[in-house]
Structure formats: structure tokens, C-alpha cells
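What the coordinates show
Letter by letter, the chains look like this.
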Amino acid sequence: MLEIEGKSILFDPFITPNPLAKDVDVSTILPDFILISHGHGDHIADAVAIAQQAKSQVIATYEVCEWLNKKGVENFVPMNTGGKINLGFCTVKLVYAAHSSSLPDGSYGGNPVGFVIIHKGGSFYYAGDTALSNEMKLIPEECKLDFAMLPIGDHFTMGITDAAKAAKFIQCDKIIGMHFDTFPPIQINHDNAKAHFAGLGLELTLPIINQTLEF
Ligand code: NI
């Protein structure tokens, strides 16, 4: 979850089924907005409960919104890749992600997306689940990123080497790693990952659960 000018944005909530997040109390999470990159269970597990308790507005692709609506979520903005929306305190743009998207019950999830957020104080990129992609080179043509959240766990997404290449593609040297350690196939060696990034002049932060970072 991120806070910009007093407004909170939660990305891809996967908490109750996540053993690493067992100490997080979902009932205390009250975001103004929930952004969902795609329909996979490890990105949407707690979306319905949080959206309902916080009366958050959900921003996701048309197909993901349609599924959430069937589960009882009423405040949502269906969008698709390439589209942007002005939320007043920031602009959210849905960008390409090289991945797949289906919902937990197997229904079609549309295309996966990443999000570029531009606000008065700066810009950042939340990549969602994605492979390294040439499309990422388009992002710095639009804005100068202060930091980016990139998947680094390999197996289902980019691994460490490709994520460092992605940092070069997006011309951003402050990277927050995500999508690592949750399941055995995506466990990483933190020291090796940080050393690889440092060797390329990049700073990799691997946040721990409940940690607060400031940018
Ligand atoms: Ni996924």
C-alpha cells in the first residue's frame, strides 16, 4: 500500500492465504483505491473483502472488474491497457505486462497490466507480474520515474537478471523487488540479488512484511 498526498493506494492484495503475511490484520487495511494488475489468486485474494470494508474504488481491467462485481464489489472503474485515469491527486496509466490473467474460478481475466502513477511530487511504476519487455522502454518517454516495483522471483515472472535489465529499460535506478520468496519456486538469494543490482549501479530494496519505506 502506498500513500500519496494523504490518499492510499493498495496494489494486488494477497494476504490471508499468504503464510508470510500471517501477522497482517486485513480488517485494518482501509485504502482509498485498490489497483489490481491481473486476476491470479496471489494478486486478488483479499480484494473483495478489503474493497467492501473500506469502500475503496477498484481500478482494474474490464474483465477483472466484472468478476469483482459478481462477488459484490460495486465501486470500480473498468479499464484496459493504454488507458489512463485522473484521480485528482494522481494519474494512473495502465501499461503492457507480458503475463497471463485468469480469475481464481478459471474465468477469463483479460490482459494483465502494470501501472504508471504520475503525481505532483513524482512518478513511479508498479509492473505487476511481467516478463522483461521492450514495451517498458516507452515509460521513460512519458515520465521520469523516481522508483519502480518490479517482480524478481523468476519462474512466473522476470528473475533478477531480467529485472535489472528492466531497470535500465525504464531508466530508473531505485527498484523495489516484489513477487519473491512467497512460494518455493520464487525464493531468491537476497544478497546475490542486491549485489547483481549494485554491480550495475542500481539500488534494490527487498521490503519485509509491514515495513514502511519513504521516497
Ligand atoms: Ni500472475
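See the structure shown above.
So, here is what we can say about the structure in this document. If you're wondering where the values come from, they're calculated on a predicted model, not measured in any experiment. Sequence positions are assigned chain by chain, starting from 1 and proceeding in written order. Where local features are concerned, this predicted model is filtered to residues with pLDDT of at least 70; where side-chain atom pairs are given and counted, the filter is 80 or more; whole-chain, interface and lining totals use all residues. Side-chain calculation: all heavy atoms of the structure are included, whereas hydrogens and water are not.

1. Here we look at the state of the cysteines
Disulfide assignment relies on a single distance test, namely cysteine sulfur atoms paired within 2.5 Å. Counting across every chain of the model gives 0 disulfides. Of all cysteine sulfurs, the one in cysteine 90 lies closest to cysteine 65, which takes part in no disulfide; the gap is 16 Å. Classification of cysteine 65 as buried rests on a relative accessible area of 0%. As a non-bridged cysteine, cysteine 172 has cysteine 143 as the owner of its nearest cysteine sulfur, 9.5 Å distant. Per-residue accessibility, obtained with a 1.4 Å probe over protein chains only, is compared with the maximum for each type, and a residue is labelled buried under 20%, exposed over 50%, and partly exposed between these values.

2. Quick notes on the pattern of salt bridges
We define a salt bridge as a side-chain nitrogen of Lys or Arg found within 4 Å of a carboxyl oxygen belonging to Asp or Glu. Summed over the entire model, instances satisfying the criterion amount to 1 salt bridge. Here glutamate 142 ties to lysine 93 by a salt bridge, and the two come within 2.8 Å at their closest N and O atoms. Residue glutamate 142 is located in helix 4 (residues 139-142), and its partner lysine 93 is located in strand 7 (residues 90-96); the two are separated by 49 residues in the primary sequence. Only DSSP runs of H or I covering at least 4 residues are called helices, and only runs of E covering at least 2 are called strands; the numbering of each starts at the N terminus.

3. Regarding the coordination of the nickel ion
Each metal's donors are the N, O and S atoms found within 2.8 Å of it, except that Na, K and Ca use a 3.2 Å limit; water is left out, so coordination can look incomplete. For the nickel ion, the protein coordination sphere consists of His38 (NE2), His40 (ND1), His99 (NE2) and Asp129 (OD), at 2.2 to 2.3 Å. One chain supplies every donor for the nickel ion, spaced along it as H-x1-H-x58-H-x29-D. Of this pair, histidine 38 sits in the loop between strand 3 (33-35) and helix 1 (41-44) while histidine 99 sits in the loop between strand 7 and strand 8 (113-119), and the two are 61 residues apart along the sequence.

4. Digging into the sheet that holds strand 2 (residues 7-11)
Reading across the sheet, the 5 strands line up as 1-2-3-4-5 and stay open at both edges, with mixed pairing between neighbours. Either end of the sheet is taken by a strand with one partner, and the two such strands are strand 1 (2-4) and strand 5 (76-79). Across the sheet, the mean angle separating the axes of adjacent strands is 20° when strand polarity is ignored. By the convention used here, strands pair only if DSSP detects at least 2 bridges between them. Alignment of strand 3 against strand 4 (residues 57-61), held across 3 bridges, turns out to be parallel. Bridging across to strand 4, isoleucine 34 finds its partner in valine 58. Where helices are involved, their axes are fitted lines through C-alpha atoms of the stretch in contact, as for all axes, and angles between N-to-C directions lie from 0 to 180°.

5. Here's the deal with the environment of alanine 163
You can see alanine 163 is positioned in helix 5 (residues 160-169). For alanine 163, a relative accessible area of 0% translates into the label buried. Separated by 120 residues in the primary sequence, alanine 163 and histidine 43 have C-alpha atoms spaced 19 Å apart.

6. Side note on the packing of aromatic side chains
Here is the rule: rings of Phe, Tyr and Trp (six-membered ring for Trp) pair when centre to centre is within 6.5 Å. Planes less than 30 degrees apart are stacked, more than 60 are edge-to-face, and the remainder are tilted. Counted by the stated rule, this structure contains 7 aromatic pairs. For the pair phenylalanine 11 and phenylalanine 115, a centre-to-centre distance of 6.2 Å together with 50° between the ring planes defines the contact as tilted. Taken as a pair, phenylalanine 11 in strand 2 and phenylalanine 115 in strand 8 lie far apart in primary sequence, 104 residues in all. Looking at phenylalanine 11, the relative accessible area reads 9%, which means it is buried. Ring geometry for phenylalanine 11 versus tyrosine 126: centroids 4.2 Å apart, planes at 15°, classification stacked. Pair noted here: phenylalanine 11 is in strand 2 and tyrosine 126 is in strand 9 (residues 122-126), with a separation of 115 residues, a long-range link. In terms of burial, phenylalanine 11 and tyrosine 126 fall into one category: buried. Charge-over-ring placement is defined geometrically: NZ (Lys) or CZ (Arg) within 6 Å of the ring centre, and within 35 degrees of the ring normal. We note lysine 137 situated over the ring of phenylalanine 169; from NZ or CZ to the ring centre the distance is 4.4 Å.

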